[in-house]
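Letter by letter, the chains look like this.
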Amino acid sequence: MAVFCVQYVPESADEKALLWVKTTLLAYNKKRNMTINKQIELDRRYLRMAKIWSENSYCNRRQVGALIVKDQMIISDGYNGTPAGFENICEDEHSVTKPYVLHAEANAITKIANSSNSSEVATMYVTASPCIECAKLIIQSGIRRVVYSEKYRLEDGIDLLKRAGIETIYINPDEK
């Protein structure tokens, strides 16, 4: 079976312009899709790193990790735990989290405050969706994107971030 390939040759200037537009749009969309796919893959990698970082937490009930990334560089990290100088015990004898335990997001943001880095227009990767208190800190810190891999029972933090115009992305860690 013979296959013939016929090349389309535009005759008028309008047809040439239309062909150029179609070719340009096709190339742009292909590049854009590759960029989106690459970003999703990077998001998954940073979430896996945040998950590994959460293993530093001494909390028994839930271990949460957070990374702040800007220009594809990790500029801060955090995990839930007690403040510096406190014993590394997050729960009381009834397995209730102590009120002074810091969330992973708060730890990562306070590290930024004590450095020469800025979280302006950065992305936060966190293993659990932020609570409303952490959402306030995220808004004030200038972070523009939050990617998380576990939905918390309360969604008020995510709702506040969306209201502030911060892009929030849930990525199921079990999906590829």
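Here is what the cut-offs are and how they apply
- Residues numbered from 1 in each chain as written.
- Predicted model: local features only at pLDDT ≥ 70, side-chain atom pairs only at ≥ 80, totals over all residues.
- Heavy atoms only, no water.
- Disulfide = S-S within 2.5 Å.
- Helix = DSSP H or I, 4+ residues; strand = E, 2+ residues; numbered from the N terminus.
- Buried < 20%, exposed > 50% of the residue type's maximum accessible area, 1.4 Å probe, protein only.
- Salt bridge = Lys/Arg side-chain N within 4 Å of Asp/Glu carboxyl O.
- Core = buried A, V, L, I, M, F, W, Y, C linked by side-chain atoms within 4.5 Å.
- Contact = heavy atoms within 4.5 Å.
- Pairing = 2+ DSSP bridges.
- Right-handed = clockwise from strand over helix to strand, strands pointing away.

### Details of the state of the cysteines
A complete count under the given rule lists one disulfide for this structure. For Cys59, the disulfide goes to Cys90, at an S-S distance of 2.3 Å. Torsion about the S-S bond of the Cys59 and Cys90 cystine: about -70°, corresponding to left-handed handedness. Here Cys59 is found in the loop between helix H1 (13-54) and strand S1 (65-70), whereas its partner Cys90 is found in the loop between strand S2 (73-79) and helix H2 (104-113), with 31 residues between them in sequence. Cysteine Cys131 shares no disulfide, and the gap to the nearest cysteine sulfur, in Cys134, comes to 3.8 Å. Taking the relative accessible area as the measure of exposure, Cys131 reaches 19% and is therefore buried. The exposure class assigned to Cys134 is buried, which follows from its relative accessible area of 3%.

### Describing the pattern of salt bridges
By the definition in use, this model includes eight salt bridges. The closest approach of N and O atoms between Lys111 and Asp77, which form a salt bridge, is 2.5 Å. A residue pair is termed long-range when its members are at least 10 positions apart, and Lys111 in helix H2 and Asp77 in strand S2 qualify at 34 residues. For Lys111, a relative accessible area of 42% gives the class partly exposed. Judged by its relative accessible area of 18%, Asp77 falls in the buried class.

### As for the nonpolar core
Of all hydrophobic cores here, the largest spans 20 residues; its most connected members are Ile68, Met124, Val126, Ile138, Ile143, Val146 and Leu161. Those elements giving two or more residues to this core turn out to be S1, H2, strand S3 (123-126), helix H3 (132-141), strand S4 (145-148) and helix H4 (156-163). Of all the elements, H2 adds the most residues to this core, at four residues. Each residue touching Val126, except ones within four places of it in the same chain, is listed here: Leu47, Val64, Gly65, Ala66, Glu105, Val146, Val147, Tyr148 and Ser149. Counting nine residues, the second largest nonpolar core, distinct from the first, contains Leu47, Ala50, Tyr125 and Ile171.

### Things to note about the pairing of S3
With burial as the criterion, each face of S3 is covered, one bearing Thr123 and Tyr125 and the other bearing Met124 and Val126. Inspection of the sheet shows S3 paired to S4 by four bridges, in the parallel sense. Along S4, the bridge assignment pairs Tyr125 with Val147. Crossover S3 to S4 through H3 is right-handed.

Function cannot be read off these values alone, since they describe shape.
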